[in-house]
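Secondary and tertiary structure notes
Listed below, chain by chain, are the residues.
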Protein chains: 4
Amino acid sequence: MIDMQNTQPTYALSLKKVGINDLILPIAIVQENTDLQHTIANISVATSLDENHKGTHMSRLIESILSSCEKIEQDTLKNIAENLLIRLDAKNAYISFDFPYFIEKKSPHTQKIAPVSYSCKLTYQINENKHSYSYTLKIPVMTLCPCSKAISQYGAHSQRAFIDLSVTINEHIHFEKLIKIAENTASSPIYTLLKREDEKCITEQAYDNPTFVEDVARNLAQEIHKLKEIHSFTLSVESIESIHNHNAFASIDSSSFL
Amino acid sequence: MIDMQNTQPTYALSLKKVGINDLILPIAIVQENTDLQHTIANISVATSLDENHKGTHMSRLIESILSSCEKIEQDTLKNIAENLLIRLDAKNAYISFDFPYFIEKKSPHTQKIAPVSYSCKLTYQINENKHSYSYTLKIPVMTLCPCSKAISQYGAHSQRAFIDLSVTINEHIHFEKLIKIAENTASSPIYTLLKREDEKCITEQAYDNPTFVEDVARNLAQEIHKLKEIHSFTLSVESIESIHNHNAFASIDSSSFL
Amino acid sequence: MIDMQNTQPTYALSLKKVGINDLILPIAIVQENTDLQHTIANISVATSLDENHKGTHMSRLIESILSSCEKIEQDTLKNIAENLLIRLDAKNAYISFDFPYFIEKKSPHTQKIAPVSYSCKLTYQINENKHSYSYTLKIPVMTLCPCSKAISQYGAHSQRAFIDLSVTINEHIHFEKLIKIAENTASSPIYTLLKREDEKCITEQAYDNPTFVEDVARNLAQEIHKLKEIHSFTLSVESIESIHNHNAFASIDSSSFL
Amino acid sequence: MIDMQNTQPTYALSLKKVGINDLILPIAIVQENTDLQHTIANISVATSLDENHKGTHMSRLIESILSSCEKIEQDTLKNIAENLLIRLDAKNAYISFDFPYFIEKKSPHTQKIAPVSYSCKLTYQINENKHSYSYTLKIPVMTLCPCSKAISQYGAHSQRAFIDLSVTINEHIHFEKLIKIAENTASSPIYTLLKREDEKCITEQAYDNPTFVEDVARNLAQEIHKLKEIHSFTLSVESIESIHNHNAFASIDSSSFL
C-alpha cells in the first residue's frame, strides 16, 4: 500500500505545525487535593514537518494522546510531547487540552457548596529544544462600575466579566490557587448557588468595591507578578457591559514589569 | 446527463423540508422611514419533497433567492415562497432571513446618536396552503434585580439581558415599533454611545425600575397582546446574571391570554 | 428579609417557564453496559409560574439538580421533575441535560478502538400532568453525492454531515442502539482512529453507497418508525457541502407515517 | 461631575490595551473595482493606558470609529489610529474590523454568477511609533485526500476546508487577488451556485488534483512569498475531515523562507 505521506512534497518547505484540532475526548485530571476530576477536553496535537515529507501520519498523533487521557498529571503533556518527537521523527511538538474544570465553592454567608465551572487550557510546546508549559484560565467575576457609582445619586451598573489569564510556568501551580487570586481582584466572585442572605452580601460587597476592567487587570497583574511559579503572563479582562451592547476590555502582560 | 434527483427514492416517503442552510448573502431591507438599509443575512430556504423524487434541485432554491436580495419589502418573502412552489413543483415552502438590523438611537441626556444592532429574523412559510409570516427579534436590555435591591442596604446587581420576541403577524408592523416597546419593559434600554451624564441617567433609572426576567416577560406580553398587527407571539427573556455563571430566563406566549 | 419573589406581579399573567439556562455541571450517566460514563452537561431547568407570584426561587431549581448529577439513570430526570413540582408548587416542569457522550468504536479493517463523541440531550417535561421524555442525538456521518458520482467520469464529492435525531420515547432505548442505526443510513460512519487500510475501506464503501441528505433522512425515518420504544420522532440531516460554502439539509418527522 | 477615569489607579502600571470589543456596525468598503460594498463589521478598538490614569474614556473610542464607517478606504484605519493617539493622549493604538466580504464568482462550466462570502479582518496597530497593517482572510475550499485516492480502487474522500491567511502588508493588495491565489492552491474552489455541468467539472478537477492540508499550506506559502506587497505572513489550512469527527490542519509562516 502506497505511503503518500512519505513522498516528496511539490515545494520543499518545512511546516510549523501539522496535526489535528477539535478532537473531543474524556479525560481525568489530578486536582489540588489529589482526587481525580473527570471532564471533557477539546484537544489539539501537532508536530513540525520537515521539507522532505509530503504529509504527517495523523493516526499516530491520536494514538499518542489516547493512552494518556485517563490520568493527566504534572508530567503527562511533557511525556506526550517528547514521545511525539520520537514517534513522528519531528523537531517540534505542540499539544493543548481545553476543558471545563470545576471547583466546589462556598457561598459567602450561608456557606452552601456547589461547583463552579472554569474554562482551562493546558498547552505544552517543544520548539527548537526549548520546552514551555502554559496554563490558560477563563474566570467569571462581577465588575461594578466606579464611574457609574461616583456620578449617580444611587445605584451603579454591574455585569458579568471574564478574566482570561495565561501563565507560562517555572513550576507547577494549582488552578485553585490562581483562580482564588483572580476572583479577589474584581468587585465580587460569582457563584453557582446563592441564598438571599448571600445575594445581599455580594451586592453590598460589589458596591463597596467598584472596579473598572482596568482595575481588575492591574490588580491581577500585581498579584501574578509576585508568584515565583510563574515565568511570564498575559491577561485580559472583558466585561459584558450592562449599559451597552458591546464589551469593555483591558489587557496587560509581564512586560509591564520590565 | 443523468438527473439522479428525479429518480425514485428507496423509500417512498415525503420529506417536510429539503433545502439549504447557512447561505450568507448581502441584502437591503426597507426601513420604517422608507430608506434602504444594507445588511448581511444568513438564509435558509427549503420546500417539501414528495415521495416520488429522490432529491431536490438545490440550485433552483438559490436562484429564487438571489434575484430578491437587493430590496426586501413587505411582499418579498411571500413572492419567493410562492415562486418556489411553482419552480420546484412543491406543496410547502419555507424561507428565513436572519440579519443584524440597526436603529439610530439617542442617548437619554446628551442626545448623542449612534446605531444599535438588533438580531432580526424573518420567516415565511406556506404549509398546506396556509401562509404564515413571523418576525423574530433579539433585543438587548438591562435588568436590575428587585430582590437584590430590596434586601441590600445599598446597591443592586444588574446585567445585560436579551429579549427574544417572535411574532406571527396579521399585517406588517415595523421592527422599530416592536423594539421600542420591548426596550421599555426592562430596567433600562442599552446604548452604543453614552457620555457620563447619560450613564448617571441610566444608572438611576435602572435602580428606580428593578425587573426580574419574569417582570420583563409579563410587561412585554401585556403590550404585545394589545397590538392588532400581531396574530400570536412567543417571548423569552434571558439575563446574563452578574452574580452567577449561568443565566436566568422566563418565557410566555399568547396562549396565556386564552 | 423581604421575599420579593412572593409578592404580586404587576400583571397577573402565568408564565410558561421560569428557570435557569447554561448551567455547566459534571454528571455521570449509566451506559448500555451498566458502567458509569463521566461527562459534562449544559443544563436547563424550569417550572411554570402562576399569575400570583412575581418571581421564582432560582436556588431551589439548582438544589434539585445538584444532588442528582452523580448518577443519571432512567428515572433520574422524572424524579427531578416531580420533585420540582412539589418544591416550587408548580404545575409544569421542564429539565434538559445536554452533554457529549462517548462510544468506543472499532475501525472497519484494523479493528483499532477509540472513542467517538456524540452530542446528546435528554429532555423531560411535565405539562398539564402529561409526562414526555425525549432523547436528541447529533451523529456525524459521511455523505457522498449520488449526483456527483453519476455525472462524473471519476470521483464524487463527499463531506461530513450531521444527523439530528430527536425521539420521544415510550420506553428506554440505549443511545448506542440509536446511534448504530443512524450511522448505517449514510454513505459511511466516521471514526476517531483510522489506519490506511481502514481509510481504503471507508473510501470504497462510501463510493459504493452514495447518499443525498434526502436519502439519509428517509433511510433513518424508515428504521426509527419500526422501533416500538419510540413514540414519535423528528430528524434532520445536514451536510457541510464540500463544493459550497453553505449546507444542504432534509427533515422529516413521524407524521409522514400517518 | 467627578471624572473617575482621570484619578490615579491603585497600582501604577501601564496597560497594553484598553478599549471595546464586539461592537457591531454597518460599514462600506471600497472594492477592487472602486464600487462601495456594504457589509457589517465586528469592531475592536483600543489604546494603551499609562500608569497615571485609572481608566480610559470609552465613548471617545466609539466616536472615533463612528464617523469613518461610511467609506473604508486604504488610509481609513491609519487615520483612525493616529486620531486615537491624539484624542486619548495614548502611546499605542489598535483597531480591527472583522466582516464578511463578497466576491461575484462564475461557476466553472455554465458561468452562472453568484456572490461567495469570505471572512475578512483588517487590523491596524501603532506600537512604539511603528505602524503595521494586516489583512486576515478565511477562504473556503475543497480538499481531496491524496492518500485516500492512492490506496483506494475507486473514489477518494473530500471535504470543505478553510484557509486562514494573515498578511502584514508593505502596500495595498486587493482581497480579490489574495483570494484567487488561495483558491487555486487547493483541490478546487467552492461556489454558491452550481449546475450539474459545473458539479461534474469540480468533481473531476478535485479528483485530478488531490491535496493534503500540508500541500495547500505549502502551495499557498510559495505563492504569497513572491508578492512584493506582502511584508510577512502566517497561514493555516484546516479541513473538516469527512471520515473523522475532528479536523486536520497545517500551518506555516514567512520564517520558513529565512
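These numbers were taken from a predicted model, which means no experiment stands behind them.

1. Points about the overall build of chain A
A count of helical and extended segments in chain A gives six helices and nine strands. Dimensions along the principal axes, computed over C-alpha positions, put chain A at roughly 75 × 35 × 35 Å. The proportion of buried residues among the 258 residues of chain A is 62%. Of the contacts formed within chain A by residues at least 6 apart in sequence, a portion of 65% connects residues at least 24 apart. Summed over all atoms, the accessible surface of chain A reaches about 9,600 Å², with 45% contributed by carbon and sulfur.

2. Quick word on the relation of the copies chain D and chain A
When chain D is fitted onto chain A, the two copies agree to an RMSD of 0.0 Å after a turn of 180° and an axial shift of 0.0 Å. What the superposition gives is, in effect, a two-fold axis relating one chain to the other. Of every C-alpha in chain D, the one belonging to Thr234 of chain D sits nearest the axis of rotation, 11 Å from it.

3. Description of helix H6 (residues 213-225) of chain A
Residue and element names in this part refer to chain A. Taking 1.5 Å as the rise per residue, H6 with 13 residues should run 18 Å; its terminal C-alpha atoms sit 18 Å apart, in good agreement. For H6, a buried count of 10 out of 13 residues is recorded, marking the element as mostly surrounded by other parts of the structure. Along H6, the residues that are buried comprise Val213, Glu214, Asp215, Val216, Ala217, Arg218, Asn219, Leu220, Ala221 and Ile224.

4. Remarks on the interface of chain D and chain A
Contacts between chain D and chain A engage 56 residues on the former and 56 residues on the latter. Summing both sides of the interface, chain D and chain A together bury roughly 4,500 Å²; the carbon and sulfur share of this comes to 58%. When the area that chain D buries against chain A is broken down by residue, the three leading residues are Leu13, Arg218 and Phe249 of chain D, summing to 17%. Across the chain D-chain A interface, the total number found is four salt bridges. The partner of Asp215 of chain A in a salt bridge is Lys54 of chain D, and the shortest N-O contact between them spans 3.0 Å. Counting the contacts that link chain D with chain A gives 26 residue pairs in polar contact (both at pLDDT 80 or more). Of all the secondary-structure elements, those providing two or more residues to the side of chain D that touches chain A are strand S1 (15-30), strand S2 (36-49), helix H1 (58-66), helix H3 (146-151), helix H6 (213-225) and strand S9 (247-253) of chain D. Split into classes, the residues belonging to the side of chain D that touches chain A amount to 28 nonpolar, 16 polar and 12 charged.

5. Thoughts on helix H2 (residues 76-87) of chain C
Residues and elements named next belong to chain C. The end-to-end C-alpha separation of H2 is 16 Å, in line with the 16 Å expected for 12 residues at 1.5 Å each. Listed as buried for H2 are Thr76, Leu77, Ile80, Ala81, Leu84 and Leu85. Once H2 finishes, Asp89 follows within two positions and takes phi at roughly 50°, a positive value.

6. Things to note about the pairing of strand S1 (residues 15-30) of chain C
Sheet topology note: the strand S9 (residues 247-253) of chain B/S1 of chain C ladder contains five bridges and is antiparallel. In the strand pairing of S1 of chain C, Ala248 of chain B is matched with Ile20 of chain C. Bridge count between S1 of chain C and strand S2 (residues 36-49) of chain C: 12 bridges; the pairing is antiparallel. When the bridges of S2 of chain C are listed, Pro26 of chain C appears paired with Ile40 of chain C. Between S1 of chain C and S2 of chain C, which pair antiparallel in sequence order, lie five residues; one of them, Thr34 of chain C, sits at a positive phi of approximately 75°.

7. Structural notes on the packing of H1 of chain D against helix H2 (residues 76-87) of chain D
Helix packing geometry: the angle between the two helix axes and the distance between the axes. Residues and elements named next belong to chain D. Put simply, H1 and H2 touch, their axes get as near as 10 Å, and they point 150° apart. In terms of orientation, H1 lies roughly antiparallel with respect to H2. Remark: the crossing between H1 and H2 carries right-handed chirality. Along its contact with H1, which presents Arg60, Leu61, Glu63, Ser64 and Ile65, the element H2 presents Ile80, Asn83, Leu84 and Arg87. Considering only residue class, the contact of H1 with H2 consists of four nonpolar, two polar and three charged.

8. Focus on the confidence of the model for chain A
For chain A, per-residue confidence averages 97 on the pLDDT scale, and 100% of positions sit at 70 or higher. For this predicted complex, the interface confidence comes out at an ipTM of 0.96, alongside a pTM of 0.97.

9. So, the relation of the copies chain D and chain C
Both copies of the chain are related by a screw-like operation: a rotation about an axis and a shift along it. Mapping chain D onto chain C calls for a rotation angle of 180° and an axial translation of 0.0 Å; the resulting RMSD is 0.0 Å. Residue by residue, 100% of the interface of chain D is reproduced at the interface of chain C, so both copies engage with the same surface.

Cut-offs and rules
- Residues numbered from 1 in each chain as written.
- Chains lettered and ligands numbered in written order.
- Predicted model: local features only at pLDDT ≥ 70, side-chain atom pairs only at ≥ 80, totals over all residues.
- Heavy atoms only, no water.
- Helix = DSSP H or I, 4+ residues; strand = E, 2+ residues; numbered from the N terminus.
- Buried < 20%, exposed > 50% of the residue type's maximum accessible area, 1.4 Å probe, protein only.
- Contact = heavy atoms within 4.5 Å.
- Areas by Shrake-Rupley, 256 points an atom, 1.4 Å probe, with all protein chains shown as cover.
- Least-squares fit on C-alpha atoms with pLDDT ≥ 70 in both.
- Expected span 1.5 Å × (residues − 1).
- Buried area = accessible area lost by both parts, 1.4 Å probe.
- Salt bridge = Lys/Arg side-chain N within 4 Å of Asp/Glu carboxyl O.
- Polar contact = N/O pair within 3.5 Å; in protein donor to acceptor, adjacent residues only side chain to side chain.
- Nonpolar A, V, L, I, M, F, W, Y, C, P; charged D, E, K, R; others polar.
- Pairing = 2+ DSSP bridges.
- Axes fitted to C-alpha atoms, helices over the stretch in contact; angles between N-to-C directions.
- Parallel < 35°, antiparallel > 145°, perpendicular 65-115°, else oblique.
- Left-handed = near helix turned anticlockwise from the far one by under 90°.
- pLDDT = per-residue confidence, 0-100.

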